[in-house]
Amino acid sequence: MRAAEVSSEITQVLVTEEQILAKLEEVAERVSADYEGKNLLLVGVLKGAIMVMADFSRSLRITAPMDWMAVSSYGAGTKSSGVVQIRKDLDEDLHDRHVLIVEDIIDSGLTLSWLLENFESRGAASVEVFALLRKPDAAKVEVRCKYVGFDIPNEFVVGYGLDYAEKYRNLRDVAVLAPHVYS
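Let me sum up the structure you'll find in this document. (Residues numbered from 1 in each chain as written. Predicted model: local features only at pLDDT ≥ 70, side-chain atom pairs only at ≥ 80, totals over all residues. Heavy atoms only, no water.)

**Comments concerning the overall build of the chain**
When helices and strands are counted, the chain shows four helices and nine strands. In the chain, the order of α-helices and β-strands from amino to carboxyl end is β-α-β-α-β-β-β-α-β-β-β-β-α. Computed over its C-alpha atoms, the radius of gyration of the chain comes to 16 Å, within 12% of the 16 Å expected for a compact globule of 183 residues. Within the chain, the proportion of its 183 residues that are buried is 50%. (Helix = DSSP H or I, 4+ residues; strand = E, 2+ residues; numbered from the N terminus. Rg over C-alpha atoms; globule rule 2.2 N^0.38 Å. Buried < 20%, exposed > 50% of the residue type's maximum accessible area, 1.4 Å probe, protein only.)

Here it is as structure tokens:
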């Protein structure tokens, strides 16, 4: 689904699918070089990172297994509560692994900050972050992020895996959701 098909429900397209795919290729080149010969594990954060992980991992020039973790700090709202709940833990052991967390978006940074501490406590050799999107103006804590796709304004966005009440994940672009949809 493209933004034009839901134009009455969005106010602005921030990043097109074409821009996203080009950025994923660019970041994948850097990650491939940085992790050449290392025991890399990609960890996606469900459900939002599904699209990013799929396209990003296919762009890598190195072998990198994937694992998934489901955490939540949003519920059905549009703002993070800051309280992290694990809904699905990792299947892989992180001990002595180089972990790259693949995120759809960094908003407040609270959930990601918690994940970084959690993964480091599990004995990972290193833990880094790739976020397709980052909202610098929404940050409540500073989170180190080695790879960033796009900095975006502090708006409620959907598309490319990002949702509102489980809708809009299949939107190919990243767009600002119109307030009348969630008010």
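**Points about the nonpolar core**
If you look at the biggest cluster of nonpolar residues, it comprises 29 residues, and the most contacted ones within it are Val31, Leu42, Phe56, Phe130 and Leu133. Counting only elements with at least two residues in this core, the list comes to helix 1 (17-34), strand 2 (40-46), helix 2 (50-59), strand 5 (98-106), strand 6 (126-134), strand 7 (147-151) and strand 9 (174-177). Of all hydrophobic cores here, the second largest spans 20 residues; its members include Val71, Leu94, Ile101 and Leu112. (Core = buried A, V, L, I, M, F, W, Y, C linked by side-chain atoms within 4.5 Å.)

**Observations concerning the environment of Leu100**
Position of Leu100 relative to the elements: it lies in strand 5. Given a relative accessible area of 0%, Leu100 falls into the buried group.

**Quick word on helix 3 (residues 110-121)**
With 12 residues, helix 3 should cover 16 Å at 1.5 Å per step; its first-to-last C-alpha distance of 17 Å lies within 8% of that length. Along helix 3, the residues that are buried comprise Thr111, Leu112, Leu115, Leu116, Asn118 and Phe119. Across the axial projection of helix 3, the buried residues extend over an arc of 170°, all falling on one side. Opposite the buried face of helix 3, by more than 90 degrees, sit the exposed residues Glu117 and Ser121. (Expected span 1.5 Å × (residues − 1). Arc of directions from axis to C-beta.)

**Observations concerning unusual backbone geometry**
Following Leu46, the chain continues to Lys47 via a peptide bond in cis, the omega torsion being -5°. Structurally, the position occupied by Lys47 is in the loop between strand 2 and helix 2. A positive phi angle, close to 50°, is found at Tyr160, a residue other than glycine. Take Tyr160: its relative accessible area is 5%, and that puts it in the buried class. Unusually for a residue other than glycine, Glu166 sits at a positive phi of about 70°.

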